[in-house]
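A structural walkthrough
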Amino acid sequence: CKSKFEKLKASNDNARKYKEAIRYYNKKDYGKALELFEILVPRYRGQEQAEDLYYYYAYTNYKMRDYTSARYHFKTFADTYPSSTRSEECRFMAAYCYYLDSPIFSLDQENTSKAIEALQLFINLYPKSDRVAEASKLIQNLRDKLEDKSYANSKLYLTIGDYQAAVISFNNTLRDYPDTKYAEEIEYLIVKAQYLFANNSYETKQEERYTSAIEFADEFIEKFAQSKYIKTVQDYKKDSEAGIVHAKNWMTQATLNMKAAKKAAEKDSVNSQSTPPSVKDKNPELVN
Amino acid sequence: KSLSPDSLSYLNPKDYIIGGITVSGTKALDKDVLIQISKLNKGDRINLPGEANARVIKSMYEQGLFDDVQLNITSINMDTIYLEIVVDERPRLSRLHITGIRKGEIEDVQKKLNDKTGKIVNQNLLNTTSGIIKRHFNEKGYLNTTVDMKPKPDPADSNNVILDVIVDKKTKIKINSITFEGNEAFSQKKLKGFLKNTRTKKFYNIFGSKKFKQDKYDEDKQTLVEKMQAEGYRDAQLVSDTVSKHDEKTVDVKMKVFEGHKYYFGNITWSGNAKYSTADLVKILRISKGDVFSEEELGKRLSGPTPSNDDVSSLYLNNGYLTYNADPVQTRIYNDTVDLDIRITEGPLYTISKVIVKGNDVTNDKVVYREIRTKPGQPFNKELLIRSTRELSQLGSFDEQKTEPRPTNINPSEGTVDIVYNVVEKPSDQIELSGGFGGGQLVGTLGLTFNNFSLRNIFNLKAYRPLPKGDGQKLSIRGQSSGRTYQNFSFTFSEPWLGGKKPIFFSLSAYTQGSSTGQYFAKTDRRYNNLRINGIGVTLGKRLNWPDNYFQLNYSLNFDHYNLDNYGSAYLFSTGTSYNIKLTQELSRNSIDAPIYPTTGSNIKFTIQATPPYSLFNNTNYRIATPEERYKFVEYHKWKFDAQWFQTLTGKLVLMSQVRFGFLGYYNSKVGQSPFERFKLGGDGMQSYQFLQGSEIIGLRGYQNFSVVPVGSGYNASNNPGSVVFNKYTLELRHPVIASQSATIFLLAFAEGGNTWNNFGEYNPFNVRRSVGVGARIFLPIFGLLGLDYGYGFDRIPGASDAGKGQFHFSISQSLNGGFN
């Protein structure tokens, strides 16, 4: 024996189904409402009630927390009925569903980028809407998330001791997010990473790399004179200068001792052919 | 009276005000709704002719309701225009009713047809439907399939139709004969061999299909010519080919080929190379003047891929020259000789700027990034890209086939490139639920393994999906019980990057096991008995960069505690306590390419395990000590060597060769050989619970479990106390049946030999008990690896009645993650 709902589903009485679907929706029984809407949407296509029906259908998906379906249906609604009074709302909801589908920053951020795009499109289409302020706030949240991700992944290279990768990655973060809230910290970490990179390199490469660390340090001191890191950065600079002196001494020694020089050159060529960067496997903890 | 907007001059588009819109040609649809869909509003301005009319037609078509849409002008009055939308409304498809083929075939066809319900039924729909069905069966060798279609109105809905599709696939067409014309240098047989998927119906063609499949045939025609050219016949052509009906079920294939004559390489010159000298490149090209001309070989040597990656492109691509390109230009062709000038475009040296991971919907960035070997700041390197991909797949969280690294954002002016790793998550958790006989009773097992666990989120309710995931940690919990007489619970947690700074592997495991046949009697009753074993272990491991970066060094500290109360004769004494405290060092090198079905690489492990030498300082007089005193603190040292090699022989056939050796020694002759940690050889190699002294169980197929006892000893499978020396060799041929994300199945044939000895003095590596056999392994992501083998042992073992007979062996979860059995 079929339940009342099953009978209704099997019947051909579209008008009754429509009425019942709305009733289920209002009763918050979204599961049943969705089943009926799914049957009705293709049947009513091109007819007068289609607009209302589709609006409910999109919201039912939203209430069921199926944001992937919901955003598609909200967008379809807005595309199909651009002159409807609800199209602004649906355009916003489509973007908002992407927003809800955006995961924590340490996972893939495809939905975050799409949410930003969709919210931006909303602002462009309805610049005078009441929802613009909220949309802008959401965009800011999403951008912060991307910024956090870029910062955290750059910092990971520093943590696992890939100093050259850390320097490049931090610089990329600064370039991609010029107004980042981490600016001071990133620039400090660049100095630190570049210093550690130089310190863990072969003597033949050290002068160039220490010089670069000094440049980064000077830049930091100029930009962030009041920083809490200023003392540490000055220490890195001093140590780098000492490091250059040491490297130069070593090089002079090496030139005097032809055998050592030859060995160093060999080491270096081996290094540039195999896996760069030419970083010695020194213990980084010692220099911290 | 109405005119098309095209009749207005495109030279002079004008703005009009819409005075009114009418709709004609509708059947069931509402006209007002259609006007709304058209996005035309009365009173709006419209620029005609222009984009506006195209837009109207497009948005009407998007509804999928009409076969034809037109926008016409009914009249123009000054700047007011009256428009008419003319539609050709068609009934819609409510369902396809396919007949004439089996249910399974209908499902296959439905899948290919996608869902066409709701679409309008017009000639186009009929044509595509029939085309898809015909193509589906043509591919399977049914060349004469007919499809007949009859639309009929849907009784449930007036504007819908049901499409009756009657399929008659007729008989399958096979190939009777293939004949070639115009061939002199190539024999008929050789040319036939070039056609991989087009084969005649002959008894010797056991493998491959004999059906005639048009698409395979077209591919084969292409490869035929390529293969002829690869043997130096650079002018080879397929002149014509005919497929004619032989009888109702077979066709004859005739092919006319032009061979031309055989060519050889002449002088090869190089230009455009600056980074590498011509002399170096000549060495790597490995083609010299006088070799048979083959464009295929030349292409491989210049642009790859070659199996050992020793081609010219690898040289450039592994050293940063990402946009390397080689263009071999045939500068002169005289008689049978082709002179070449290889023009190389090196491009700039590319350095990696960003490394981006996409598709990690579960696994956190750091887990993926820390495994990737291409780092910002390094020159581009194809080999490291491939190695990173392989190592990502070894994390076990991603689909191996779908992990795809791609250089993007190639910036030649700055010499930078970004690398995007596209990964696809796959389910990695495993459930083990089994029931089986062990020690004469039914034992049930429930095990859960989470391979991508996140411990730090254990109190974060938001992270439960359904468990906290994404940090690459492993948690497994396992319980085994046969009711009141035996219970075993174990727990393991491991973290591959302890502290997050360096790849230091950490694992913590603990277990407790209870066994009793009389625990329900009072403690004072003589029938009461009980055994409890508790253990805890910690492992720390480090990847080494020397001698190469496939090495790993592990240390473990394990503590086992045995507590017996009137437990009978199964153990060394019946009431008392024993401690087994051991430190293990394991040096291993693992370069296998895949955990489940390795095709290349090796896995070598050297282990030393030792307990403290208690007898040096505990003042026990071992000459007169009781077993309780003697085994309170167990002492021994143990040495093991295991090695496994994988080689691809041909195609997908893989040879696994393996050597294993183990030795257990003592510190003090007064204490003697330890009864703990001995080796038991024979059978399926499954760990079994009833052995108390931590025996190591080594499989040897073709013999009963634990039945391979030292030559001359009086032991048998049931009272085997284990031996102190063992040695085992295996050769195994493997071939995959299914290798997909959802299941891996492979068949194997093996020959193995092994033996045990009572002391090192008797050890003879050439005196082994031998066996051969066949088997299969099935890997299902949630169940792990299941295996079934049939082995035949050649050598008689005194006391074992069924040695020298065939044996079946069933195994679970072996040879995974560095297992050696």
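To be clear, the structure that these remarks concern was listed above.
Below is a short write-up of the structure. Per chain, residues are indexed from 1 in the order of the written sequence. For this description, chains carry letters from A and ligands carry numbers from 1, given in the order in which they are written. It should be noted that, the model being predicted, local features are given only for residues of pLDDT at least 70 and side-chain atom pairs only at 80 or more, the latter also being counted only at that level, while totals for whole chains, interfaces and linings use all residues. Heavy atoms from the whole structure form the basis of all side-chain values; hydrogens and water molecules are not counted.

**Section: the overall build of chain A**
In terms of regular secondary structure, chain A is built from 13 helices and zero strands. For helices the rule is a DSSP run of H or I covering at least 4 residues; for strands it is a run of E covering at least 2, with both sets numbered from the N terminus onward. When its helices and strands are written in sequence order, chain A yields α-α-α-α-α-α-α-α-α-α-α-α-α. Buried residues in chain A amount to 48% of all 288 residues. Sequence separation of 24 or more characterises 56% of the internal contacts of chain A that already satisfy a separation of 6 or more. Throughout, the Shrake-Rupley method with a 1.4 Å probe supplies accessible areas, and for residues the shown protein chains are the sole cover considered. A total of about 15,300 Å² of accessible surface is found on chain A, and carbon and sulfur atoms cover 50% of it. A simple rule labels every residue: compare its accessible area, found with a 1.4 Å probe on the protein chains alone, to the largest value its type can have, and call it buried under 20%, exposed over 50%, or partly exposed in between. Working rule for contacts: check all heavy atoms of both residues, and any pair within 4.5 Å makes them a contact.

**Notes on the overall build of chain B**
Counting secondary structure elements, chain B contains twelve helices and 34 strands. In terms of principal-axis extent, the alpha carbons of chain B reach across some 125 × 80 × 65 Å. Within the span of chain B, comprising 821 residues, buried residues form 46% of the whole. For chain B, the share of sequence-separated contacts (at least 6 apart) that also reach a separation of at least 24 residues comes to 59%. Put simply, chain B shows about 40,400 Å² of open surface, and 54% of that area lies on carbon and sulfur atoms. All tallies of charge rest on Lys and Arg as positive and Asp and Glu as negative; His and the ends of each chain are not included. Here the site of a charge means NZ on Lys, CZ on Arg, CG on Asp, or CD on Glu. Each charge sign in chain B was given a centre, from 102 positive and 83 negative side chains, and these centres are 6 Å apart.

**Focus on the sheet that holds strand S10 (residues 250-258) of chain B**
All names here are of chain B. For two strands to be treated as a pair, DSSP must find no fewer than two bridges joining them. If you trace the three strands from one edge of the open sheet to the other, you get S8-S10-S9, paired in mixed fashion. Edge positions in the sheet fall to strand S8 (174-181) and strand S9 (237-245), since each has one partner strand and no second. Each strand axis lies, on average, 15° off the axis of its neighbour in the sheet, ignoring direction. Alignment of S8 against S10, held across seven bridges, turns out to be parallel. Residue pairing across strands places Ile178 opposite Val253, the latter belonging to S10. Working convention: axes come from line fits to C-alpha atoms, limited for helices to the stretch in contact. Angles between N-to-C directions cover 0 to 180 degrees.

**A short note on a negative patch on the surface**
Residues enter patches when they are more than 30% accessible in relative terms and free of salt bridges; like-charged ones are connected within 9 Å and nonpolar ones (Val, Leu, Ile, Met, Phe, Trp, Tyr) within 5 Å. Each salt bridge in this description consists of a side-chain nitrogen of Lys or Arg and a carboxyl oxygen of Asp or Glu lying within 4 Å of one another. A cluster of like negative charges, contributed by Glu226(B), Asp291(B), Glu296(B) and Glu297(B), occupies part of the molecular surface. Assignment of secondary structure puts Glu296(B) in helix H8 (residues 295-303).

**Things to note about the packing of aromatic side chains**
Residues and elements named next belong to chain A. Only Phe, Tyr and Trp rings are paired, with Trp represented by its six-membered ring, and only when their centres lie within 6.5 Å; those with planes under 30 degrees apart are stacked, over 60 edge-to-face, the remainder tilted. Using the criterion set out here, one finds 44 aromatic pairs over all chains in the structure. Geometrically, the ring pair formed by Phe5 and Tyr24 is edge-to-face, given 5.6 Å between the ring centres and 85° between the ring planes. Within this pair, whereas Phe5 is found in helix H1 (residues 4-10), its partner Tyr24 is found in helix H2 (residues 14-26), the two being separated by 19 residues in sequence. Of the two residues, Phe5 and Tyr24, neither departs from the other in class, the shared state being buried. Relative to Phe224, the ring of Phe220 has its centre 5.1 Å away and its plane inclined at 40°; by these criteria the two rings are tilted. By relative accessible area, Phe224 is classed as buried at 17%. In this structure an aromatic cluster arises from ring pairing among Tyr25, Tyr30, Phe37, Tyr55, Tyr56, Tyr59, Tyr62, Tyr67, Phe74, Phe77 and Tyr81. For a lysine, the NZ atom is tested; for an arginine, the CZ atom; a charge sits over a ring if that atom is within 6 Å of the ring centre and within 35 degrees of the ring normal. Here the basic side chain of Arg86 rests over the ring of Tyr55, its NZ or CZ set 4.1 Å away from the ring centre.

**Things to note about the sheet that holds strand S1 (residues 14-24) of chain B**
Two modes of strand pairing occur in sheets, parallel and antiparallel, and in both the strands are linked by backbone hydrogen bonds. Residues and elements named next belong to chain B. The sheet built from four strands is open, its strands ordered S2-S1-S4-S3 with mixed pairing. With one partner strand each, in any of the chains shown, strand S2 (45-48) and strand S3 (66-77) form the two edges of the open sheet. On average, adjacent strands in this sheet sit at an angle of 45° to one another, irrespective of strand direction. Where S1 meets strand S4 (residues 80-89), seven bridges bridge the pair, whose relative direction is parallel. Directly across from Gly20, in S4, lies its bridge partner Tyr82. The sheet contacts of helix H2 (residues 51-61) involve S2, S3 and S4, and relative to S3 the element is tilted by about 145°.

**Digging into the packing of helix H10 (residues 183-199) of chain A against helix H11 (residues 203-223) of chain A**
All names here are of chain A. For the pair H10 and H11, interaxial distance at closest approach is 8 Å and the crossing angle is 160°. If you check the angle between H10 and H11, you find them roughly antiparallel. H10 and H11 meet at a crossing whose hand is left-handed. Of H11, the residues touching H10 (which contributes Glu184, Glu187, Tyr188, Ile190, Val191, Gln194, Tyr195, Phe197, Ala198 and Asn199) are Gln206, Arg209, Tyr210, Ser212, Ala213, Phe216, Ala217, Glu219, Phe220 and Lys223. Tallied by class, the residues present in the contact of H10 with H11 amount to eleven nonpolar, four polar and five charged. Roughly parallel refers to an angle under 35 degrees, roughly antiparallel to one over 145, roughly perpendicular to one between 65 and 115, and oblique to any angle outside these ranges. Crossing handedness: left-handed means the near helix sits turned counterclockwise from the far one by under a right angle, and right-handed means the same turn made clockwise. The nonpolar class holds Ala, Val, Leu, Ile, Met, Phe, Trp, Tyr, Cys and Pro. Asp, Glu, Lys and Arg form the charged class, and all remaining residues, Gly among them, are polar.

**Digging into the side chain of Arg777(B)**
Residue and element names in this part refer to chain B. Topologically, Arg777 is positioned in strand S32 (residues 769-780). Classification of Arg777 by relative accessible area gives buried; the value is 9%. Within 3.5 Å is the distance limit for a polar contact, defined as a pair of N or O atoms, with the added protein rule that one can donate a hydrogen and the other accept it, and that residues adjacent in sequence qualify only through two side-chain atoms. Among the polar contacts made by the side chain of Arg777, one reaches the side chain of Asp789 at a distance of 2.8 Å. Discounting residues that sit within four places of it in the chain, Arg777 has contacts with Arg701, Thr744, Ile745, Phe746, Leu748, Leu785, Leu786, Gly787, Leu788, Asp789 and Ser811.

**Here's the deal with the interface of chain A and chain B**
Accessible area lost upon the coming together of the parts serves often as the stated size of an interface. The interface is formed by 38 residues belonging to chain A together with 42 residues belonging to chain B. Summed over both partners, buried area is the accessible surface (1.4 Å probe) that two parts give up on being assembled. With both chains or domains summed, chain A and chain B bury close to 3,200 Å², and 49% of this area falls on carbon and sulfur atoms. There are three salt bridges connecting chain A and chain B. At the surface where chain A touches chain B, the tally comes to twelve residue pairs in polar contact (both at pLDDT 80 or more). When contributions to the side of chain A that touches chain B are tallied by element, the ones reaching two or more residues are helix H3 (30-43), helix H5 (67-80), helix H8 (132-159) and helix H9 (163-176) of chain A. With six residues, H9(A) is the single largest residue contributor to the side of chain A that touches chain B. Each residue belonging to the side of chain A that touches chain B can be placed in one class, and the counts come to 13 nonpolar, 13 polar and twelve charged.

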